[in-house]
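Listed here are the chains, written in short residue letters.
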Amino acid sequence: MKLGRRDALLEGLALGGTLVLGPAMWLATTGRARAEAATLPPWAPGLLDIHHIDTGVGNATFILAPDGTTILIDCGATRGGPPASTPMRPDASRQAGEWVARYALRHARAAKRTTLDYIIATHVHPDHVGSPLEGDARTRDGYVLTGLAQVDSLMPADLVIDRGFPNYAPLPLIDAPFAANHRAWLDARRRGGRRVEQVKVGSLGQLTPRRDAAAFSARFVGGNGRVWTGTGEQSRALFPDPSEWTAEARPEENLLSIAMVLSYGGFRYFTGGDLTADSHDGAVPWLDVETPITRAAGKVDVASADHHGYFDANAKGLVEALDADAYVVQAWHATHPDPAPLQRMLNAWRGRKQRDVFITRLDPASQAVNNRFLRDVKSTEGHVVVRVFPDGTYRIFVTDSRDENDRISFAGERRISRND
C-alpha cells in the first residue's frame with residue numbers, strides 16, 4: 001500500500017526515524033500543511049513517554065509508562081507573571097493546573113486513561129505545587145484549586161506521594177499561603193479516604209506498575225532529608241539532629257526534594273526537584289545534598305536538571321555521578337539556567353564531547369546572559385518529550401507549547417541506552 005506524505009512521516013517517526021529541524025529551519029523549509037502533519041505520534045503499549053511540560057510558570061512532568069501507568073511529578077503555578085515568570089503557555093486563558101491536566105489527559109487518551117495512578121509532590125514551593133492568591137475561590141474543603149490540587153480535581157490521582165506529609169519532620173512547612181493550601185488539599189484527601197503517603201526513600205515498592213510488574217521500576221533515592229544507602233531499601237539521614245542546626249547551617253525546603261530513578265530495560269532517568277549543592281563554599285558540607293543523592297542514583301541516560309539549572313545546583317558531583325547524555329532544564333525565570341551549571345551540563349569545554357541540553361523556556365534576560373552557550377543548546381522552548389522503546393533505545397522530541405497540537409519542532413536521533 002502506498003503511503004501518503006503525512007502517513008509516511010508519522011510512520012517513520014513512530015518507528016524511530018530521524019527528523020532534526022529547529023524552529024527557524026522548520027518554518028523556512030516546510031509549508032504549513034506539512035508542518036501541521038508532523039505531530040508527535042501517540043503513545044502505544046510498550047513505550048515509556050516522559051513529558052516535561054512547558055507552562056512557563058513551574059515544573060510539571062507527566063509520565064505514561066509502558067503498561068499505561070500514569071504519573072505526574074509536580075505542577076508549578078507561580079502567579080506573579082513577568083518578570084517573576086515567563087508568560088503562561090499555551091496562553092493566559094487558563095491556570096497552569098488546568099493546562100497540565102489537559103495535556104496529560106490528551107496524551108493518556110491513547111492508553112484509555114482519565115486518571116492518575118500517582119502524583120509526586122517533590123517539595124512544597126509554588127513553582128512545584130501551586131500557589132493561591134488572595135480572593136481565589138476555595139473548595140468546600142477550604143483550599144484553592146491551584147497546581148497539583150487543580151490537576152487532582154480534573155484528573156484524580158489514586159496516590160499522592162509527598163516529601164513529608166503528615167508530620168513534615170525534620171523540617172516543618174514554612175508559614176506561607178502556598179504551604180497552608182498544599183497541606184489543606186492533602187488533609188482533605190485524607191479525610192475523604194483518598195491516599196497520601198510520605199516518600200519512602202530507598203523503596204522500589206512505593207511506586208509500581210499498575211499491570212505488568214516488569215513494565216518499569218522506580219526507586220526513590222532521596223527525599224525529606226534522607227538518601228538511599230545503596231543496600232536493599234535502606235536509607236540514612238543527610239542532616240545532623242535539628243538541635244545542632246544554626247542560623248547558617250540549617251536546611252530549607254529545596255534540600256528535602258524527592259529524587260527518583262525511573263528504569264525501563266537499560267534506560268535510566270533521574271529527577272530530583274530542587275536539590276541543591278550549596279555548601280557555603282565548603283563551610284557546611286552537609287548542605288550539599290545533591291552530590292550524595294546523585295551518587296546513590298548512579299549513571300543515567302537522561303536527567304531533569306536540579307533547581308531549574310540555578311546557580312546552587314547541578315554541581316560537579318552531579319554531572320560526574322549521573323554522567324547523563326542529555327539534561328532537561330525546566331526553566332521559567334531570568335535566573336534559569338545559570339551559565340556555570342549550563343556549561344557544566346553541556347560539558348562545553350574545548351576538546352570534550354558535548355552533552356545535549358534542552359530548556360523548556362528561556363527568558364529573554366537569561367538568553368542574554370547565556371548567549372555564549374546557546375549555540376550548543378538543542379532547544380530553548382517547548383515541551384521536551386523522552387520516548388523510550390521496548391528495546392531500551394530512546395529519542396527526544398520537542399513539541400510546540402504555544403498551542404495543544406503537539407507539533408514537533410525537534411526530533412533527535414534514536415539512541416542506545418547506556419546499560420544495553
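Here the structure is a predicted model, which means the values were calculated and not measured.

Draft legend 1. Highlighting the sheet that holds strand 17 (residues 408-411). Spatially, nine strands are ordered 6-5-4-3-2-1-15-16-17 in an open sheet, and the strand pairing comes out mixed. With one partner strand each, in any of the chains shown, strand 6 (195-198) and strand 17 form the two edges of the open sheet. On average, each strand axis in the sheet is inclined to that of its neighbour by 20 degrees, with strand direction left out of account. Here strand 4 (residues 116-121) pairs with strand 5 (residues 157-162) via five bridges, running parallel. Residue pairing in the sheet places isoleucine 120 in a bridge with isoleucine 161 of strand 5. Lying on the sheet, helix 4 (residues 96-108) is in contact with strand 1 (48-52), strand 2 (60-64), strand 3 (70-75) and strand 15 (383-388); it crosses strand 2 at an angle near 15 degrees. Against the sheet, helix 7 (residues 177-191) engages strand 4, strand 5 and strand 6, with an angle of about 135 degrees to strand 5.

Draft legend 2. Here's a closer look at the pairing of strand 15. Strand 15 sits mainly inside the fold: six of its six residues count as buried. Across the two faces of strand 15 the burial is the same, with His383, Val385 and Arg387 and Val384, Val386 and Val388 all buried. Strand direction decides the pairing type here: strand 1 and strand 15, joined by five bridges, are antiparallel. Looking at the pairing, aspartate 49 lines up with arginine 387 of strand 15. Looking at chain direction, strand 15 and strand 16 (residues 394-399) are connected through six bridges and run antiparallel. By the bridge assignment for strand 16, valine 386 is matched with isoleucine 396. Once strand 15 ends, the chain turns through five residues before running back antiparallel as strand 16, passing glycine 392 with a positive phi of about 90 degrees.

Draft legend 3. Spatial organisation of the pattern of salt bridges. This model, assessed by the stated rule, comprises 28 salt bridges. For arginine 113, the salt bridge identified is with aspartate 117, shortest N-O distance 2.8 Å. Comparing arginine 113 with aspartate 117 shows no difference in burial state: the two are buried. Connected via shared salt-bridge partners are Asp54, Arg89, Arg361 and Glu381.

Draft legend 4. Quick peek at the packing of aromatic side chains. What the rule picks out here adds up to six aromatic pairs. Ring plane angle 80 degrees and centroid distance 6.5 Å describe the contact between phenylalanine 165 and tyrosine 168, whose orientation is recorded as edge-to-face. Residue phenylalanine 165 is classed as buried on the basis of its relative accessible area of 2%. On the basis of an interplanar angle of 55 degrees and a centroid distance of 5.6 Å, the ring pair of phenylalanine 239 and tryptophan 286 is categorised as tilted. Separated by 47 residues along the polypeptide, phenylalanine 239 in the loop between strand 9 (235-237) and strand 10 (259-264) and tryptophan 286 in the loop between strand 11 (267-271) and helix 8 (290-297) bring together distant segments of the chain. One aromatic cluster is present, formed by Phe239, Trp245 and Trp286 through successive ring pairs. In this structure, arginine 219 is placed above the aromatic ring of tryptophan 228, and the distance from its NZ or CZ to the ring centre is 4.0 Å. In this structure, arginine 414 packs its charged tip against the face of phenylalanine 389, placed 3.7 Å from the ring centre.

Parameters at a glance
Residues numbered from 1 in each chain as written. Predicted model: local features only at pLDDT ≥ 70, side-chain atom pairs only at ≥ 80, totals over all residues. Heavy atoms only, no water. Pairing = 2+ DSSP bridges. Helix = DSSP H or I, 4+ residues; strand = E, 2+ residues; numbered from the N terminus. Axes fitted to C-alpha atoms, helices over the stretch in contact; angles between N-to-C directions. Contact = heavy atoms within 4.5 Å. Buried < 20%, exposed > 50% of the residue type's maximum accessible area, 1.4 Å probe, protein only. Salt bridge = Lys/Arg side-chain N within 4 Å of Asp/Glu carboxyl O. Phe/Tyr/Trp six-rings, centres within 6.5 Å; stacked < 30°, edge-to-face > 60°. Lys NZ or Arg CZ within 6 Å of the ring centre and 35° of its normal.

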